[in-house]
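Remarks on the overall topology
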Amino acid sequence: MKKLFLPFLISLIACNAHAFAATEVTTQIPDYECIIENSSIYYQDSLYPLLSYRDVTYFPMTFDYCRALNLSTSWVEGKGLYIVYQPSTAHALPVYETTQNTKLNTAVLPEYPIYINGKPASEVMKQQEYPFLNFRGVTYCPMTWELAHQEFAWETDWTDGKFTLTTNVWRNTNLFFERSLPDGLVFSEITDTEVPTEDGQLRLETSIAYQKFDFATQTMQPIEYDPDAEENQFPYTEATTEIKDGVCYFGDIALDIPIKKIGDSFAGRTIEEFYDNSVTGRGYTFSDIQFYDFNYTFNLLYEDKGMSMGRETHSYVEQNGSLIYIGRDVWISNAAKGADGNIYFTAQQQLKMIRTRTSVAYDLYRLTPDGVLTKVNPEFPDYNSMQLLGDIDGTLYLRCTWCPEATQGGVPADYYTVSAINDGYFSWNGANSPLTKIANYIYADESYLSPTGDIYALVRWRNAVLKAE
């Protein structure tokens, strides 16, 4: 059985004189079929063909191949090539110009550093006899088990002389975060099993178990856990409101919620009657910082008997007995008081569609003691997403990613575009101080801060929690 080795892009500019002065090796163009995402790849006369070295297949992964296979790459002059696993929207496999290839070809061993998911390639690749290669200005990377299955979430198969590679593989077991404990993290483990039915069909049978990731041992162990127990509930409190003369009050505080009134014009029509026009509220705290969400629900009847309905969430933060308005339809996920005396918190935009969605980008806010609320992201133009993981003695811990935004609705143009070299985990001492990078970027569904300052990331496709290094 042959192994297929996947390549990674380094542009022609990246191939400096040092690369071509490196050790040369002889490779050959193999003659078997390679299928990626159900598409057969023609490579015999391609400018970037498959190569075989030491009876192992190498595949030319240009930038376009990387994006098609859920990888993001960054070349940094003087530092090397950075590759991260990063699921993306679907990208078509590229077709390159043809050339007249010979059976045997010379490649070189690159001398520039290569990093995989933030780690030096030498630490990831256990089989040192299969090195990276450089051919025609493109970095070729060996697809060992460590790379294909453990780093990049691919499935591979070698059957009947054909090699098949599949990304975005459905997995029947997934971890979901439940809560943090002083010594670890609790996850629910959801498993879907296909069970045959009497009529010859298959149905999914779901089971739930609970696991605890222990900070001290960095291992996952089964745990008895009741998600419905009172101690495992997020402690929301009720916030009673009252609407008087078209103004919503929380106690004596008038809220900045645009309450609709009979006779108002909405959507170009006059409101004649309400089926519902109410506000409900809830309070919650992060690090002793009090927040409130007020949900305004309306169901309108117009004079032409038409109807409209809607639901808005207006969020506030409390300071010195006053409420400061944050925004509409945002989700507050964490907060802390910085060493600079300011309050910091992160929010995500709740996108109102047929079903509510949450933007993957986080906004970091600063609230000064005199009540000035500002967004921090513009102060760091490399990062459109800045997620607060927590603090230790006023030092803030952040996960910062490029995550470029589209112009409409706050939806990222590409949910998963990252800068493999700049993105990562940082500590920060607040206003007028620089970010200090403490760990490289890990593609993760969620990230967590331990009481000792270690950062862990849930990588759901691996059913694993990894420590950010």
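Since the structure is predicted, the reported quantities are computational estimates derived from the model, not experimental observations.

1. Brief notes about the side chain of Glu 151
Within the secondary structure, Glu 151 sits in helix α4 (residues 145–151). A polar contact is formed between the side chain of Glu 151 and the side chain of Asn 117, at a distance of 2.6 Å. With sequence-adjacent residues up to four places away left out, Glu 151 is seen in contact with Tyr 85, Ile 116, Asn 117, Lys 119, Val 124, Glu 146, Trp 461 and Arg 462.

2. Some words on the sheet that holds strand β17 (residues 184–196)
A sheet is described by the order of its strands in space; here four strands give the open sequence β16-β17-β18-β19, paired in antiparallel fashion. What marks the edges here is a single partner per strand, and that holds for β16 (173–181) and β19 (219–222). Along the sheet, successive strands turn relative to each other by an average axial angle of 35°, direction set aside. The pairing of β17 with strand β18 (residues 202–214) spans 13 bridges and is antiparallel.

3. Regarding the side chain of Thr 167
One can find Thr 167 in the loop between β15 (162–166) and β16. Discounting chain neighbours no more than four positions away, the residues touching Thr 167 are Glu 37, Ala 68, Leu 69, Asn 70 and Trp 154.

4. Describing the sheet that holds strand β4 (residues 39–40)
What the four strands build is an open sheet, ordered β4-β3-β15-β14; its pairing is mixed. Every other strand in the sheet has two partners, leaving β4 and β14 (155–159) as the edge strands with one partner each. By the bridge criterion, two bridges tie strand β3 (residues 33–36) to β4 in an arrangement that is antiparallel. Along β4, the bridge assignment pairs Ile 36 with Ser 39.

5. A few points about the pairing of β3
Sheet topology places β3 next to β15; four bridges connect them, and they run parallel. In the strand pairing of β15, Cys 34 is matched with Phe 163. Between β3 and the antiparallel strand that follows it, β4, lie two residues; Glu 37 among them carries a positive phi value of about 50°.

6. Description of the confidence of the model for the protein chain
Counting all residues, the mean pLDDT for the protein chain is 86, and 90% of those residues have values of 70 or more. Low pLDDT, under 50, characterises residues 1–20; the stretch is placed with 75 contacts to residues that sit more than four places away or in other chains. Here residues 405–416 scores under 50 on pLDDT; set against residues more than four positions off or in separate chains, the count is 31 contacts.

7. Remarks on the nonpolar core
With 58 residues, the main nonpolar core has Tyr 58, Ile 116, Tyr 140, Phe 152, Trp 154 and Tyr 425 as its most contacted residues. A total of four residues in this core trace back to one element, the largest contributor, which is strand β8 (residues 80–85). In terms of nonpolar packing, the next biggest core, distinct from the first, is built from 16 residues, Ala 239, Phe 250, Ile 259 and Phe 294 among them.

8. Describing the layout of surface pockets
Take a probe with the size of a water molecule and roll it over the atoms, and the empty space left behind shows itself. Considering only enclosed or pocket space, the second largest pocket measures out at about 380 Å³ in volume. Looking at the second largest pocket, it is lined by 20 residues, and the ones nearest its centre are Asn 117, Lys 119, Glu 151, Arg 462 and Leu 466. Secondary-structure elements contributing two or more residues to the lining of the second largest pocket are α3 (121–124), α4 and β39 (464–467). If you tally residues by element for the lining of the second largest pocket, the top one is α4, at three residues.

9. A look at unusual backbone geometry
The residue Asn 38 is not glycine, and still its phi comes out positive at about 70°. As for its placement among the helices and strands, Asn 38 is situated in the loop between β3 and β4. Overall, Asn 38 belongs to the exposed group, its relative accessible area being 77%.

10. A word on the packing of aromatic side chains
This model, assessed by the stated rule, comprises 37 aromatic pairs. Between Tyr 292 and Phe 294 the ring centres are 6.0 Å apart and the planes differ by 15°, which places this aromatic pair in the stacked class. Between the NZ or CZ atom of Lys 244 and the centre of the ring of Tyr 249, over which it lies, the distance is 4.8 Å. The ring centre of Phe 298 lies 4.1 Å from the NZ or CZ of Lys 260, which sits over that ring.

Parameters and conventions
- Residues numbered from 1 in each chain as written.
- Predicted model: local features only at pLDDT ≥ 70, side-chain atom pairs only at ≥ 80, totals over all residues.
- Heavy atoms only, no water.
- Helix = DSSP H or I, 4+ residues; strand = E, 2+ residues; numbered from the N terminus.
- Polar contact = N/O pair within 3.5 Å; in protein donor to acceptor, adjacent residues only side chain to side chain.
- Contact = heavy atoms within 4.5 Å.
- Pairing = 2+ DSSP bridges.
- Axes fitted to C-alpha atoms, helices over the stretch in contact; angles between N-to-C directions.
- pLDDT = per-residue confidence, 0-100.
- Core = buried A, V, L, I, M, F, W, Y, C linked by side-chain atoms within 4.5 Å.
- Buried < 20%, exposed > 50% of the residue type's maximum accessible area, 1.4 Å probe, protein only.
- 1 Å grid on protein atoms, 1.4 Å probe; cavity = no way out; pocket = protein on both sides within 12 Å on 5 of 7 lines; lining within 4 Å.
- Points joined across faces, edges and corners; volume = space filled by probe spheres on them.
- Phe/Tyr/Trp six-rings, centres within 6.5 Å; stacked < 30°, edge-to-face > 60°.
- Lys NZ or Arg CZ within 6 Å of the ring centre and 35° of its normal.

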